[in-house]
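Observations on chain architecture
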Amino acid sequence: MSVETLTTVAAHRQACLDLVRPLPPLDLALRDALGCVLAEDVVSPRALPAFDNSGMDGYAVRLRDVEGAGEDAPVGLPVVSDIAAGRADAVRLTGGTTARIMTGAPVPAGAEAVVPVEWTDRGVSHVLIRRVPSPGQHIRRAGEDVDAGTLVLEAGTRLAPRHIGVLAALGRARVRVRPRPRVVVVSTGTEVVEPGAALARGQLHDANGYLLTAAAEEVGALAYRVGVVADDARELAAVLDDQLVRADVVLTSGGVSEGAYDTVKEVLSGPGAHAVRFDRVAVQPGMPQGCGTLGEAGVPVFTLPGNPVSAFVSFEVFVRPALRRMLGAEGPDPERPRVRALAGAAWTSPPAKEQYVRAAWTRDEQGRLVVEPVSGHGSHLVTGLARATCLVVVPVGVAAVEPGDEVECVLLGPLPVEDL
């Protein structure tokens, strides 16, 4: 097959990206915003902390009142007030006195430091102080974290638990975000059965449905796995029509090649409100690909090959960037990070295709990143995915990779911090 008959990887990826746009922003309750991408800049409405407060359980003091205090010569002061966290009334500390104060409680006016309770005899009405604090010690000043009007989170930030905590600290109950796209995952094939079921001759378990659902969730989507659909055109058409009411994206696997029972291609190439193109893409694994829209609403659909490794690579190369765009992640790195490494073994590559090799990276004695394939090229060899930490990208025109060759790698997980 000549290279001219194949669609390039870049062209098919762009066709997939052209089908999607960032989802319209929604105002969501904070509890529902995890994993979503901010659609607004978040500015602090007030100083944080909003008031001077104690960083320790102890005693608020004026420095001159505890001057010279030591283990052998403690200074005694009357305790004139107890200040608990949450106390709202203003307290003023007069000379020659102290106030017992709890962590987070507002520091009384006139106080210059907080003496930790461990430096005292823990007195309630009268306390002996055995050490002298430094000016401002153990006082958290108003605005020490952030001043009012300061930009705290930028639009485009994907909200992790730490961001949710910051938003709550700022008093935000709701936030404007790009919602998580709803991805419906459909596995096809009469030979495919549910995991847990006994296998008859010629059957296999549905790896793709679970793999693709998990992959979509990892990107940040809300993924819904539909049960396996047999190679029956009417059944598949009915399932797809039913799922459009809850789908921002439909993702299928299997049935897109040139065989007699490639039902996905049959259904989506037939009459109806569908506009789906099927291409032979210059990629290994995963040559048969399809993308387009379903129904009157034009719901994007990505049709992936049925072999698990092909489905995985296809998701990484074509679907992941599209889902990230829907999430609003339009930054300079819409895909997984890429690094350069040295090949630690030799392998062949079809020169007319862009090859994605499941590989694992290590470090050599010089600290250089080295990658080696974890399995053969077969797209049915699924267990190698569990050992893969990257995909090595071999460009069109390269027929062989030799040990020591520099190659490009798509990371499937982060390198250790020292390697970034």
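Cut-off values and rules
Every chain is numbered on its own, with residues counted from 1 as its sequence reads. Whole-chain, interface and lining totals are the exception, using all residues; otherwise, since this is a predicted model, local features are given only for residues with pLDDT of at least 70 and side-chain atom pairs are given and counted only at 80 or more. Values reported for side chains reflect all heavy atoms of the structure, with hydrogen atoms and water molecules removed beforehand. What counts as a helix is a DSSP run of H or I of at least four residues, what counts as a strand is a run of E of at least two, and both are numbered from the N terminus. Just to be clear, the radius of gyration here is over C-alpha atoms, and the globule rule we use is 2.2 Å times residues to the power 0.38. Note on contacts: a residue pair is in contact if any heavy atoms of the two residues lie within 4.5 Å. For every accessible area listed, the method is Shrake-Rupley and the probe measures 1.4 Å; residues are considered covered only by the protein chains on display. Under the counting rule used here, the positive set is Lys and Arg, the negative set is Asp and Glu, and His together with the chain ends is not counted. By convention, charge coordinates are those of NZ in Lys, CZ in Arg, CG in Asp, or CD in Glu. Axis definition: a line fitted to C-alpha atoms, limited for helices to the stretch in contact. Angles are taken between N-to-C directions and run from 0 to 180 degrees. For classification purposes, angles smaller than 35 degrees are called roughly parallel, those larger than 145 roughly antiparallel, those between 65 and 115 roughly perpendicular, and all remaining angles oblique. Note on convention: the crossing is left-handed when the near helix lies turned anticlockwise from the far helix by less than a right angle, right-handed when the turn is clockwise. One requirement defines pairing of two strands: DSSP has to find at least two bridges between them. Nine residue types can take part in a nonpolar core, namely buried Ala, Val, Leu, Ile, Met, Phe, Trp, Tyr and Cys, and a core is a set of them joined through side-chain atoms within 4.5 Å. Note on classification: 1.4 Å probe, protein chains only; a residue is buried when its accessible area is under 20% of the maximum for its type, exposed when over 50%, partly exposed between these limits. These domain boundaries are the output of an automatic or database domain assignment. Whenever a nitrogen or oxygen atom comes within 3.5 Å of another N or O atom, the pair is scored as a polar contact, on the condition that within protein one atom can donate a hydrogen and the other can accept it, and that pairs from neighbouring residues in sequence are kept only if both atoms are in side chains. Our arc is simply the arc of the directions from the helix axis toward the C-beta atoms. Note on definitions: salt bridges are taken to be side-chain nitrogens of Lys or Arg within 4 Å of carboxyl oxygens of Asp or Glu.

Another aspect to go through is the overall build of the protein. Within the protein, the regular secondary structure consists of seven helices and 28 strands. The C-alpha radius of gyration computed for the protein amounts to 31 Å, which surpasses the reference 22 Å derived for 420 residues by more than 25%, pointing to a less compact arrangement than a globule. For the C-alpha atoms alone, the extent of the protein along its principal axes is close to 95 × 55 × 45 Å. A separation of at least 24 residues holds for 70% of the contacts in the protein among residues at least 6 apart in sequence. Accessible surface for the protein amounts to roughly 19,600 Å². Of this, 53% is attributable to carbon and sulfur atoms. Within the protein, the 51 negative side-chain charges are centred at a point lying 3 Å from the centre of the 40 positive side-chain charges.

Two numbers describe how helix H3 (residues 207-219) lies on helix H6 (residues 308-327): the axes approach to 10 Å, and their chain directions differ by 30 degrees. Taken together, the axes of H3 and H6 lie roughly parallel to each other. By crossing handedness, the relation of H3 to H6 is classed as right-handed. Taking contact as the criterion, the partners of Ala207, Asn208, Leu211, Leu212, Ala215, Ala216, Glu218 and Val219 in H3 are, on H6, Pro308, Ala311, Phe312, Phe315, Arg320, Leu323, Arg324 and Leu327.

Our focus in this paragraph is the sheet that holds strand S9 (residues 126-129). Two pairing modes exist for strands in a sheet, parallel and antiparallel, and in both the strands are linked by backbone hydrogen bonds. Taken in spatial order, the five strands of this open sheet run S8-S5-S7-S6-S9, and their pairing is mixed. Edge positions in the sheet fall to strand S8 (113-116) and S9, since each of these pairs with one other strand and no more. Strand-to-strand, the axes of this sheet are offset by a mean angle of 45 degrees, without reference to chain direction. Sheet analysis places strand S6 (residues 75-83) next to S9, joined by four bridges and oriented antiparallel. Each residue of the ladder has a partner; that of Pro78, found in S9, is His126.

So, about the sheet that holds strand S16 (residues 222-229). Within the open sheet, the six strands sit side by side as S16-S13-S17-S21-S20-S18. Their pairing is mixed. Pairing within the sheet leaves two strands with one partner each, and these edge strands are S16 and strand S18 (275-280). Averaged over neighbouring strand pairs, the angle between their axes works out to 15 degrees when direction is ignored. When strand S20 (residues 288-294) meets strand S21 (residues 299-304), the two strands line up antiparallel, connected through five bridges. By the bridge assignment, Cys291 is partnered in S21 with Phe302. Strand contacts of helix H4 (residues 233-243): strand S13 (182-188), S16 and strand S17 (249-253), with the helix running at about 160 degrees to S16, the strand carrying the most contacts. Across the sheet, H6 touches S13, S17, S20 and S21, and the angle it forms with S21 is around 165 degrees.

Grouped together as the largest cluster of nonpolar side chains are 43 residues, with contacts concentrated most on Val183, Leu212, Leu251, Phe302, Phe315, Leu323 and Tyr356. Breaking this core down by element, the ones donating at least two residues are helix H1 (9-18), S13, H3, S17, S21, H6 and strand S26 (390-394). Broken down by element, this core gets its largest block of residues, 12 residues, from H6. Of the residues that make up this core, three or more belong to each of domain 1 (9-23 + 180-327) and domain 4 (338-411). Not counting the four nearest positions on each side in its chain, Phe302 is found in contact with Cys16, Leu19, Val20, Val249, Val250, Leu251, Thr252, Gly290, Cys291, Val319 and Ala322. Counting residues in each nonpolar core, the second largest holds 19 residues, with Val186, Val229, Leu236 and Val299 among its members.

Within the fold, Ser81 resides in strand S6. A residue is classified by how much of its surface remains accessible, and Ser81, at 13% relative accessible area, is buried. Side chain to side chain, Ser81 and Arg87 meet in a polar contact 3.1 Å long. Beyond its immediate chain neighbours, meaning those up to four positions away, Ser81 contacts Arg87, Val91, Thr98, Ala99 and Arg100.

Since the α-helix turns once every 3.6 residues, residues separated by three or four places project in the same direction. Restricting attention to buried positions, one finds in H4 the residues Leu236, Val239, Leu240 and Gln243. Buried residues of H4 fall within an arc of 95 degrees about the axis and therefore sit on the same side. Exposed side chains of H4 directed beyond 90 degrees from the buried face belong to Arg234 and Asp242. For H4, the side-chain oxygen to backbone nitrogen distance between the N-cap and Arg234 is 3.2 Å, and the N-cap itself is Asp232.

Below, the discussion takes up the pattern of salt bridges. Here the structure, examined in full by the defined rule, presents 16 salt bridges. Residue Arg87 pairs with Asp89 through a salt bridge whose shortest N-O separation is 2.7 Å. Using a relative accessible area of 43% as the deciding quantity, one classes Asp89 as partly exposed. Here the salt bridges share partners, and the residues they tie into one network are Glu218, Glu316, Arg320 and Arg336.

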